[in-house]
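Results of the structural survey
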Amino acid sequence: RAKSAGGNRFEHADAEADARAITRHGLTTSLPTALERGEFFIEYQPLVHLADGTVHGAEALVRWSHPTHGVLGPDRFIPLAEHTGLIVPLGRWVLEQSVRQARAWQEELAAGTFGGPLRINVNLSPAQLHHPGLVADTVEVLERVGLEPGSLCLEVTESALIGADEDLLKPLRQLAEMGVDIALDDFGTGYSNLANLRRLPVSVLKLDRSFTQGMQQHPADPVDIKIVEGIVSLAHSLELAVTVEGVETGTQAEHLRMLGCDTAQGWYYARPGPPEMLHTLSLADAV
Ligand code: C2E
Ligand code: MG
Ligand code: MG
Ligand code: MG
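Residues numbered from 1 in each chain as written. Chains lettered and ligands numbered in written order. Predicted model: local features only at pLDDT ≥ 70, side-chain atom pairs only at ≥ 80, totals over all residues. Heavy atoms only, no water.

Moving on: the coordination of the magnesium ion (ligand 2). Within the first shell, the magnesium ion (ligand 2) binds the protein through Glu 59 (OE), Asn 123 (OD1), Glu 155 (OE) and Asp 185 (OD), at distances of 1.9 to 2.2 Å. Along the chain, the residues donating to the magnesium ion (ligand 2) fall in the pattern E-x63-N-x31-E-x29-D. Between the magnesium ion (ligand 2) and the magnesium ion (ligand 3), the interatomic distance is 3.8 Å, and Asp 185 donates to each metal, bridging them. Placement of the pair is Glu 59 in strand E2 (residues 55–66) and Asp 185 in strand E6 (residues 181–187), with a sequence separation of 126 residues. Taken as a pair, Glu 59 and Asp 185 share a single burial class, namely buried. (Donors = N, O, S within 2.8 Å, 3.2 Å for Na, K, Ca; no water. Helix = DSSP H or I, 4+ residues; strand = E, 2+ residues; numbered from the N terminus. Buried < 20%, exposed > 50% of the residue type's maximum accessible area, 1.4 Å probe, protein only.)

With distances of 2.3 to 2.5 Å, the protein atoms coordinating the magnesium ion (ligand 4) are Asp 186 (OD) and Glu 245 (OE). For Asp 186, a relative accessible area of 26% puts it in the partly exposed group.

For the rest of this paragraph, the subject is the confidence of the model for the protein. Looking at the protein, pLDDT values average 87 and 87% of them are 70 or higher. When the criterion is pLDDT under 50, residues 1–12 qualifies, and its contacts beyond four places in sequence or with other chains add up to 33 contacts. In this model, residues 282–287 is a region of pLDDT below 50 whose contacts with residues beyond four sequence positions or in other chains number nine contacts. Here the predicted complex scores 0.90 on pTM and 0.98 on ipTM. (pLDDT = per-residue confidence, 0-100. Contact = heavy atoms within 4.5 Å.)

Within the structure shown, the criterion is met by twelve salt bridges. Between Arg 37 and Glu 39 there is a salt bridge; the shortest N-O distance is 2.7 Å. The class for Arg 37 is partly exposed, based on a relative accessible area of 43%. For Arg 144, the salt bridge identified is with Glu 140, shortest N-O distance 2.6 Å. With Arg 144 and Glu 140 both in helix H6 (residues 134–145), this residue pair falls four residues apart, about one helical turn. Classification of Arg 144 as partly exposed rests on a relative accessible area of 42%. Connected through salt bridges with shared partners, the residues Glu 96, Arg 100, Glu 140 and Arg 144 form a single ionic network. (Salt bridge = Lys/Arg side-chain N within 4 Å of Asp/Glu carboxyl O.)

So, on to the packing of helix H4 (residues 87–110) against H6. At their nearest, the axes of H4 and H6 sit 10 Å apart, and the two run at 30 degrees to each other. The pairing of H4 with H6 is recorded here as roughly parallel in orientation. Note on packing geometry: the crossing formed by H4 with H6 is right-handed. Only Asp 137, Thr 138, Val 141, Leu 142, Arg 144 and Val 145 of H6 make contact with H4, whose side of the interface consists of Arg 92, Leu 95, Glu 96, Val 99, Arg 100 and Arg 103. (Axes fitted to C-alpha atoms, helices over the stretch in contact; angles between N-to-C directions. Parallel < 35°, antiparallel > 145°, perpendicular 65-115°, else oblique. Left-handed = near helix turned anticlockwise from the far one by under 90°.)

Quick look at the packing of aromatic side chains now. Counted according to the given criterion, the structure contains five aromatic pairs. Judged by centre distance (5.8 Å) and plane angle (85 degrees), the ring pair of Trp 64 and Phe 77 falls under edge-to-face. In this pair, Trp 64 sits in strand E2 while Phe 77 sits in helix H3 (residues 74–84), placing the two residues 13 residues apart along the sequence. Phe 77 gets classed as buried once you look at its relative accessible area, which sits at 0%. Each ring, one from Tyr 268 and one from Tyr 269, has its centre 5.0 Å from the other, and the planes form 70 degrees; the classification is edge-to-face. In this structure Tyr 268 comes out as partly exposed when scored by relative accessible area, which is 27%. Exposure remark for Tyr 269: the relative accessible area of 10% places this residue in the buried category. An aromatic cluster is defined as three or more aromatic residues linked by ring pairs; in this entry it consists of Phe 40, Trp 64 and Phe 77. (Phe/Tyr/Trp six-rings, centres within 6.5 Å; stacked < 30°, edge-to-face > 60°.)

What follows concerns helix H8 (residues 166–178). Side chains of residues three or four places apart in an α-helix project in the same direction, reflecting 3.6 residues per turn. Helix length check: H8 (13 residues) gives 18 Å between terminal C-alpha atoms against 18 Å at 1.5 Å per residue, within 8%. Listed as buried for H8 are Leu 168, Leu 169, Pro 171, Leu 172 and Leu 175. Where the residues of H8 are buried, they touch helix H5 (126–130), H6, strand E5 (152–157), helix H7 (158–161) and E6. Of the residues flanking the end of H8, it is Gly 179, one or two places downstream, whose phi is positive at about 115 degrees. (Expected span 1.5 Å × (residues − 1).)

What follows deals with unusual backbone geometry. For residues other than glycine, phi is negative in most cases, and the peptide bonds are mostly trans. Each neighbour pair has its own omega, and for His 218 with Pro 219 the value is 0 degrees, a cis peptide bond. Considering the arrangement of structural elements, one finds Pro 219 in the loop between helix H9 (209–213) and helix H10 (222–237). One non-glycine residue, Asp 186, lies in the positive phi region at around 55 degrees. Among the structural elements, Asp 186 can be located in strand E6. Of note in the backbone geometry, Glu 239 takes a positive phi value of approximately 60 degrees without being a glycine.

Laid out in structure tokens, this is it:
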């Protein structure tokens, strides 16, 4: 199984152009059978508490180990999977693997073998939100594997929820009522109405990496400071936790900690990696 160096080497600015390139390279024909051939795998990236550097959870990030193209990041095939409908079975597979992994970590911790993440974040794409089986499938997996709903966080992008009506929000509301956390991913990029936040069944805001980038220099970008301060204060007044993504340096981590963000994720702490990586992770020196 291919191991990735993680991060942005997968990232492409234009998902549409990517989908076209993939089509040209014939990935369209290999994608539908990739799931049954067992070509997908998941890397996990820890989320840490900014206050003390302890591990809060981990985000599951899917990769495709293609027999001839090598390891492909999600930006290369998720748009295509959405387009072809494969995203529903693929998403269900990612959820099941991730829930099993979280359960395994919890059992290992209970046995005293190591201290790993006890909570798992799983990304949901818009097509999965629209699929009528979402709530039933999620409940079924949690019960069968034996994971508390409170150990699962589902990440939905802000743009997927812009203008969402009650029909679209209902499954998320049901999951939230069961105790599943819902996070608003890539927050700050979607131009959503901030007042709208009250209407959404979310408990976590994941601040987009673009805000973290403004925290790179010392002193940090004054405008970015004001924006992040505003978002954190709004989020906390609505009783939402704030996670920041893309933390690459200690300077960024320190600024974001001072600004009151709760948890963080990024290469500064750890790149996405195999589940065993989380076993050995020592975050003490990253604080
Ligand atoms: P996301 O949910 O916003 O995930 C964060 C992305 O930032 C990941 O890219 C991660 O590898 C990358 N990242 C983490 N730390 C850093 C850092 O310090 N610096 C930089 N530059 N990047 C960092 P990745 O793994 O390529 O995933 C891209 C997107 O694909 C994800 O964005 C998510 O929207 C989507 N995705 C990943 N797995 C799944 C999945 O199982 N299902 C669905 N529907 N979408 C997924
Ligand atoms: Mg995410
Ligand atoms: Mg994100
Ligand atoms: Mg992002």
